[in-house]
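Chain by chain, the residues:
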Amino acid sequence: MAEIVSLPEAVAELVRDGDSVALEGFTHLIPFAAGHEVLRQGRRELELIRMTPDVLYDQMIGMGAARRLVFSYGGNPGVGSLHRFRDAIEHGWPAPIEIEEHSHAGMANRYLAGAADLPFAVLRGYAGTDLAAHTNVRFIECPYTGERLAAVAALAPDVAIVHAQEADHAGNVQLWGIPGVQKEAVLAATRSLVTVEQIVERLEPRPGAVVIPGWVLDAVALTPRGSQPSYSLGITERDNDFYRRWDAISRDRDAFLAWMAEHVLGEVLVR
Amino acid sequence: MAEIVSLPEAVAELVRDGDSVALEGFTHLIPFAAGHEVLRQGRRELELIRMTPDVLYDQMIGMGAARRLVFSYGGNPGVGSLHRFRDAIEHGWPAPIEIEEHSHAGMANRYLAGAADLPFAVLRGYAGTDLAAHTNVRFIECPYTGERLAAVAALAPDVAIVHAQEADHAGNVQLWGIPGVQKEAVLAATRSLVTVEQIVERLEPRPGAVVIPGWVLDAVALTPRGSQPSYSLGITERDNDFYRRWDAISRDRDAFLAWMAEHVLGEVLVR
Amino acid sequence: MSEASADEVQTIVAARALAHTKTVFIGVGRPSTAAILARMVHNPSLVLVYESGAIGAKPFHIPLSIGDGELAATADAVVSVPEMFNDWIGPGRIEVAFLSAAQIDRFANLNSTVIGDYDHPVTRLPGAGGAPEIAANCERVIVVIPHSRRTFVERLDFVTTVGYADGPGARQRLGMRGRGPTAVITDLGVLEPDPSSAQLVLTQLHEGVTVENARDATGWDLAVAEQLSVTEPPSDTELDALRELLAR
Amino acid sequence: MSEASADEVQTIVAARALAHTKTVFIGVGRPSTAAILARMVHNPSLVLVYESGAIGAKPFHIPLSIGDGELAATADAVVSVPEMFNDWIGPGRIEVAFLSAAQIDRFANLNSTVIGDYDHPVTRLPGAGGAPEIAANCERVIVVIPHSRRTFVERLDFVTTVGYADGPGARQRLGMRGRGPTAVITDLGVLEPDPSSAQLVLTQLHEGVTVENARDATGWDLAVAEQLSVTEPPSDTELDALRELLAR
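Residues numbered from 1 in each chain as written. Chains lettered and ligands numbered in written order. Predicted model: local features only at pLDDT ≥ 70, side-chain atom pairs only at ≥ 80, totals over all residues. Heavy atoms only, no water.

Once that is clear, we can look at the overall build of chain C. A tally of regular secondary structure across chain C gives eight helices and 14 strands. Relative to a compact globule of 248 residues, whose C-alpha radius of gyration would be 18 Å, chain C shows 17 Å and is just as compact. Across chain C, the fraction of contacts at a sequence separation of at least 24, relative to all contacts at a separation of at least 6, is 63%. Counting every atom, chain C has about 9100 Å² of accessible surface; 49% of that belongs to carbon and sulfur. If you average the places of the 19 positive and of the 31 negative side-chain charges in chain C, the two averages end up 5 Å apart. (Helix = DSSP H or I, 4+ residues; strand = E, 2+ residues; numbered from the N terminus. Rg over C-alpha atoms; globule rule 2.2 N^0.38 Å. Contact = heavy atoms within 4.5 Å. Areas by Shrake-Rupley, 256 points an atom, 1.4 Å probe, with all protein chains shown as cover. Lys, Arg positive; Asp, Glu negative; His and termini not counted. Charge placed at Lys NZ, Arg CZ, Asp CG, Glu CD.)

Rendered as structure tokens:
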């Protein structure tokens, strides 16, 4: 049953050094505040899992929190490169990072298998690509038709962290807008945290909403604006200017560190 | 692109003798009117597919329209036996019927595989049951863990027919309430028909709604009360008394035939 | 208030079994009535899960079908049938499953498919529905079933749903995630599996029922626990609530 | 009105390619601009599908990301990422996919993973995203890509996405459902695969561009069609609409 706790308490309780951690949110509802709290608490050696490691994972990688990255698209959407991600892979700064990369279809099916507690999932994919030789994918034969299909291993993160618009006092969570792969990530994970914009008396049913019952979650943390510069549809707007500005901030190692110290780590000092 | 046509036109166009036909709706939104139209048009030798062949399939089987039934639960929910279904299997009346039966988990995954156009789906199921020896299921090994898992063949009906609350003039369909397996059935089928309670100017987004874009459908037919005695949440109510009364109507072959002649086939005479 | 009938006692005992349960998977009929009663009397936060997709349904009336509108309308979440089986039942997220059947054997295996030969049935039953995977994967199963020689048989005509298969260790060998049936609640009493043999043992009798009654109603040589308890009679609260529920 | 730039011509030619298309899968950048332009000028009923889950999105503004709120808000349906890939892209329900890449070869294979060696990259690119399965399974692919020796290379550093692999028949052998790339639209002209060799042939040049320009910008010995056509210049309507769209 989900306990409603503060974000620092939730992260302290649920995220440990060396964990595999999936912070999901497909462009929408990215749990920035929770990722920043993980950095403030100094977690290290994480296996970071995420279909689209964008600015948040650029920050976490740049701070040296990750030993490994599992992903399918590492770009600043609509802007360009993720400079900290590139620096880590190209130059091992601030530390070498191991990578395992997939296609979106592969990652989505890995989460599906994890949510269903099956060891693998089948898809028509990876065929003919160089990806197949550089990642963890196997091929199996259909027992009915003999067709050769890709089999991807289930993802079962130690912890999943997602952001949603709201929860009720029992920890039932409701999100709406682009649903991404958050529900699957939560169900695939051993432990889970949902940060929310607001706690409400009652979840009013909404079009396009995904509801996650509180009894499959470990913690819910009230975290207004917790997805900025990403957004929470209907509550906050995507800060597209910030995504553009991130390109300049993140190009230079020192500028990056200074920005993080001021805007992310600095917050812990005034607590 | 979905054409909006009359129910008789849609059935005449889409359903042919010998077809495999899935009329889906999990207790809710069962397309009774469309099934009755199939009977009025005299279709024969159908392979009827449905997770829960309840009163509608009892009627279709009793009228001798089916040569084969693929299913996972053949009962009158909360009432008892389906007498026409039993009579066909136990005594071959009005004609012998071939059956292929699965568990719900198996059927649901067969539809999922069909919707994804994959030849099979994997689940943890069928193990230890006598079902495994009496149906079409195979077992495969996980290429990662070696675990033995069930593999069920995709369902790809020639035609899927489902009922929904509403469509717009472009044939986009919206249904809400218990969603069952209708979307998967439509996506798995070669041809598809959706009967709807109403045609609206614009689909107003609704909580819990499933929207099926018109461009993956073949036909939409305005069919008010088309799911009775099942129901269309928010528009009609489930006629629980009828389900109870069906037990008596269907026990006797002659009583059944008389009822069908009057209430289902009779309608064609006055058209 | 009139005395409780055997059926009422069975329902009330089944409801009590959910007093400390978080989540229960139920079909229609007596199991559903028992679970709604448990929410009324013992465990208001009990989460009811129906295979139609309703998670956390709070029905006021006893539903006739698992798809009655009230279930979806009062649920915390409503999911598709594929999601229900793949993401909720399969991974063992549900604590207790209430199941029934036409036949049960000493290993609590269940038949809901056919009486007689599969290809030439005497009585064709509805079939498996969700039961095989529900019983395999929910944390544990409670069987709620009438006690008679017709249901409690030496040998099932068809194994639809595995209880303990042919004995200890079989579930593990079959890759099942759940523990299996932990209680069989009948109109005569309660049976529980013996941990060493995985065979059902009579552990509790409802008031006024004798061991002989239970043995007479069982198609195999029924083992009886050394410490045979007697069912605590229905309280007025329980019986009132049940009757009020049935009258709604 | 000022004359159209090469980039504008490329976008306008890409938009024209969607004049008779029912459904198009697009990412961000020029392909997205072209598809929105196609809806404005040529094909108002064109269904835009974004991998974020928006089916039938009708953006008024050019989205910066595929997850911009406007896409979900204006879509006919919004689905999860697993559903998008399994139920919509995988089965080939989408007619045309617009793709881009950092490198393309003569068989229209694409690289968006890495420049240099995979384990010791010169430039690490974002990676595959949805491209491999989109290109494998959509009915056909149109590549929209800048024309230069940096992008048009003799040999890809990494095959992220298969066009025609190593030649005719390869897609079928790989079990791909879609036909593959039917056009490569650049800022210089249009290339199409030769049906017998599956290699790209220059079939169209934008106004003012010479065959030599295209050959100079191509890292392999570029074949040129016997019937080389010249791009119809952007109409005022097209150019007006594009500039108005970019200014929104």
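With that settled, the discussion passes to the interface of chain B and chain C. With 46 residues of chain B at the contact, the number on the chain C side is 40 residues. Across the interface of chain B and chain C, roughly 3400 Å² is buried in total on both sides, 62% from carbon and sulfur atoms. Of all residues in chain B, the largest losses of buried area upon contact with chain C belong to R124(B), H134(B) and I178(B), amounting jointly to 16% of the total for that side. If you look at where chain B meets chain C, you find two salt bridges. For the salt bridge of R124(C) with E101(B), the shortest nitrogen-to-oxygen distance reads 2.6 Å. Here chain B is connected to chain C by 13 residue pairs in polar contact (both at pLDDT 80 or more). When contributions to the side of chain B that touches chain C are tallied by element, the ones reaching two or more residues are α4 (83-91), β5 (98-101), α5 (104-115), α6 (131-134) and α8 (240-251) of chain B. The biggest single contributor to the side of chain B that touches chain C is α5(B), with five residues. (Buried area = accessible area lost by both parts, 1.4 Å probe. Salt bridge = Lys/Arg side-chain N within 4 Å of Asp/Glu carboxyl O. Polar contact = N/O pair within 3.5 Å; in protein donor to acceptor, adjacent residues only side chain to side chain.)

Another aspect to go through is the pairing of strand β1 (residues 23-26) of chain D. Residues and elements named next belong to chain D. On β1, burial covers both faces: T23 and F25 on one face and V24 and I26 on the other are all buried. Note that β1 and strand β2 (residues 47-50) share four bridges and pair parallel. Its bridge partner lying in β2, F25 is registered against V49. What joins β1 to β2 is helix α2 (residues 30-41), and the crossover it makes is right-handed. As defined by bridge partners, β1 adjoins strand β5 (residues 96-99) across two bridges and the pair is classed as parallel. Its bridge partner lying in β5, V24 is registered against V96. (Buried < 20%, exposed > 50% of the residue type's maximum accessible area, 1.4 Å probe, protein only. Pairing = 2+ DSSP bridges. Right-handed = clockwise from strand over helix to strand, strands pointing away.)

Across the contact, 40 residues belong to chain D and 47 residues belong to chain A. Carbon and sulfur atoms supply 63% of the area that chain D and chain A bury against each other, a total of about 3400 Å² over both sides. Sorting the residues of chain D by area buried against chain A places L64(D), R124(D) and P126(D) first, and these three jointly supply 20% of that buried surface. On the surface where chain D and chain A come into contact, there are two salt bridges. Joining chain D to chain A, the criterion identifies 13 residue pairs in polar contact (both at pLDDT 80 or more). Looking at the side of chain D that touches chain A, the elements with two or more residues in it are α3 (69-74), α4 (81-89), β9 (121-124) and α5 (131-137) of chain D. Among the residues forming the side of chain D that touches chain A, the class breakdown is 21 nonpolar, 14 polar and five charged. (Nonpolar A, V, L, I, M, F, W, Y, C, P; charged D, E, K, R; others polar.)

Before going further, it helps to spend a moment on a negative patch on the surface. Residues and elements named next belong to chain A. Residues E3, E9, E13 and D218 make up a contiguous surface patch of negative charge. Note that D218 resides in the loop between β12 (210-212) and β13 (219-222). For D218, a relative accessible area of 32% gives the class partly exposed. (Patch = residues over 30% accessible without salt bridge, like charges linked within 9 Å, V, L, I, M, F, W, Y side chains within 5 Å.)

Residues and elements named next belong to chain C. Reading across the sheet, the ten strands line up as β4-β3-β2-β1-β5-β10-β11-β12-β13-β14 and stay open at both edges, with mixed pairing between neighbours. The sheet is open, and its two borders are formed by β4 (77-78) and β14 (223-230), each paired with just one other strand. Most of the contacts of helix α2 (residues 30-41) go to strand β2 (residues 47-50), to which it runs at about 160°, and overall it touches β1 (23-26), β2, β3 (54-57), β5 (96-99) and β10 (140-144). The sheet contacts of helix α4 (residues 81-89) involve β1, β2 and β3, and relative to β3 the element is tilted by about 70°. (Axes fitted to C-alpha atoms, helices over the stretch in contact; angles between N-to-C directions.)

What follows covers the packing of aromatic side chains. In the structure shown here, the tally under the stated rule is 16 aromatic pairs over all chains. Relative to F85(A), the ring of F71(A) has its centre 5.5 Å away and its plane inclined at 85°; by these criteria the two rings are edge-to-face. One end of the pair, F71(A), is in strand β4 (residues 66-71); the other, F85(A), is in helix α4 (residues 83-91), with 14 residues separating them in the sequence. Of the two residues, F71(A) and F85(A), neither departs from the other in class, the shared state being buried. The ring centre of F256(B) lies 5.6 Å from the NZ or CZ of R84(B), which sits over that ring. Positioned above the aromatic ring of Y243(B), the side-chain terminus of R238(B) is 3.8 Å from the ring centre. (Phe/Tyr/Trp six-rings, centres within 6.5 Å; stacked < 30°, edge-to-face > 60°. Lys NZ or Arg CZ within 6 Å of the ring centre and 35° of its normal.)

Tracing the sequence through the fold places M51(B) in the loop between β3 (46-50) and α3 (55-62). The class for M51(B) is buried, based on a relative accessible area of 0%. Beyond its immediate chain neighbours, meaning those up to four positions away, M51(B) contacts E24(B), F26(B), F71(B), S72(B), Y73(B), H104(B), M107(B), A108(B), Y111(B), V181(B) and V81(C).

Turning our eyes to something else, we now look at the pattern of salt bridges. Pairing is possible between side chains that carry opposite charge, provided their charged atoms lie close to one another. Scanning the entire structure with this criterion turns up 52 salt bridges over all chains. By sharing partners, the salt bridges in this structure join E47(A), R68(A), E98(A), E100(A) and R110(A) into a single network.

For the rest of this paragraph, the subject is the environment of R150(D). Residues and elements named next belong to chain D. Tracing the backbone shows R150 in the loop between β10 (140-144) and α6 (170-173). C-alpha separation for the pair R150 and A217, spaced 67 residues apart in sequence, amounts to 8.3 Å. Non-local contacts of R150, meaning those with residues more than four positions away in its chain, are made with A102 and Q103.

Let us look at the packing of α5(B) against α4(C). At their nearest, the axes of α5(B) and α4(C) sit 9 Å apart, and the two run at 115° to each other. By the angle between their axes, α5(B) is roughly perpendicular relative to α4(C). You can see that α5(B) and α4(C) cross each other, and the crossing is left-handed. Residue-level contacts link H104(B), A105(B), A108(B), N109(B) and L112(B) of α5(B) to V81(C), P82(C), F85(C) and N86(C) of α4(C). (Parallel < 35°, antiparallel > 145°, perpendicular 65-115°, else oblique. Left-handed = near helix turned anticlockwise from the far one by under 90°.)

As a further point, take the side chain of E24(A). Structurally, E24(A) can be placed in the loop between β2 (20-23) and α2 (32-40). In this view, E24(A) contacts L29(A), I30(A), P31(A), I49(A), R50(A), M51(A), Y111(A), I161(A), V162(A), V181(A), Q182(A) and A185(A); residues no more than four positions away in its chain are not counted.

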